[in-house]
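Each chain, letter by letter, is given below.
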Amino acid sequence: MKSILKDLKLESLIPKFAAERIEPENVSELSDDELVCLGVTTIGDRHCIRALCANTEINISLWLQLLLANAWLFSADVMAAVEGVDAVGKEKFLRRELDSIKLLFV
């Protein structure tokens, strides 16, 4: 949360956000009135803080997906399935399998 407030030049609000235990994943649930009480008084700043916090959530979600896909990609089962297959065949297999993994996160 600190870095988001710093990016918006709202460093003075860091203690308030810390005292109220506000994290990026909570900001989308806050009303305009609650953000004003925390010191985010302009409409533009409220819009920006929500957008940056939502982006943070998306980045964390994408990072977790990538981590899981990477662990799967190098698992023994996958390595055995593509053993002896040419490069084009491996790519097709892996793309198909990764597409099926993506469906789990939708």
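Anyway, here's the lowdown on the structure attached to this text. (Residues numbered from 1 in each chain as written. Predicted model: local features only at pLDDT ≥ 70, side-chain atom pairs only at ≥ 80, totals over all residues. Heavy atoms only, no water.)

## Side note on the overall build of the protein chain
On a plain count of helices and strands, the protein chain comes out with 7 helices and 0 strands. Secondary structure of the protein chain in N-to-C order comes out as α-α-α-α-α-α-α. In the protein chain, once contacts between residues fewer than 6 apart in sequence are set aside, the share between residues at least 24 apart is 41%. Put simply, the protein chain shows about 7,600 Å² of open surface, and 60% of that area lies on carbon and sulfur atoms. (Helix = DSSP H or I, 4+ residues; strand = E, 2+ residues; numbered from the N terminus. Contact = heavy atoms within 4.5 Å. Areas by Shrake-Rupley, 256 points an atom, 1.4 Å probe, with all protein chains shown as cover.)

## So, the pattern of salt bridges
Counting across every chain of the model gives 2 salt bridges. Notably, a salt bridge pairs Arg 46 with Asp 32, separated by 3.4 Å at the nearest N-O pair. Note that Arg 46 is positioned in helix α5 (residues 43–73) and Asp 32 in helix α4 (residues 32–37), a separation of 14 residues in sequence. Given the relative accessible area of 9%, Arg 46 is considered buried. The class for Asp 32 is partly exposed, based on a relative accessible area of 37%. Between Asp 32 and Arg 50 there is a salt bridge; the shortest N-O distance is 2.9 Å. Note that Asp 32 is positioned in helix α4 and Arg 50 in helix α5, a separation of 18 residues in sequence. Bridged by salt links that share partners, the residues Asp 32, Arg 46 and Arg 50 form one connected network. (Salt bridge = Lys/Arg side-chain N within 4 Å of Asp/Glu carboxyl O. Buried < 20%, exposed > 50% of the residue type's maximum accessible area, 1.4 Å probe, protein only.)

## Some details on the nonpolar core
The biggest cluster of nonpolar side chains holds 16 residues, and the ones touching the most others in it are Met 1, Leu 5, Phe 17, Leu 35 and Ile 49. Elements with a minimum of two residues in this core: α1 (2–7), α2 (14–19) and α5. If we skip the residues at most four places from it in the chain, Met 1 touches Phe 17, Ile 22, Glu 23, Pro 24, Val 27, Ile 49 and Cys 53. (Core = buried A, V, L, I, M, F, W, Y, C linked by side-chain atoms within 4.5 Å.)

## Remarks on the side chain of Arg 46
In this structure the side chain of Arg 46 is engaged in a polar contact, spanning 3.4 Å, whose partner is the side chain of Asp 32. Residues in contact with Arg 46, not counting those within four places in the same chain, are Asp 32, Leu 35, Val 36, Val 40 and Thr 41. (Polar contact = N/O pair within 3.5 Å; in protein donor to acceptor, adjacent residues only side chain to side chain.)

## With respect to the environment of Pro 15
Of note, Pro 15 is situated in helix α2. Taking the C-alpha atoms as reference points, Pro 15 and Leu 38, separated by 23 residues in sequence, lie 9.7 Å from one another.

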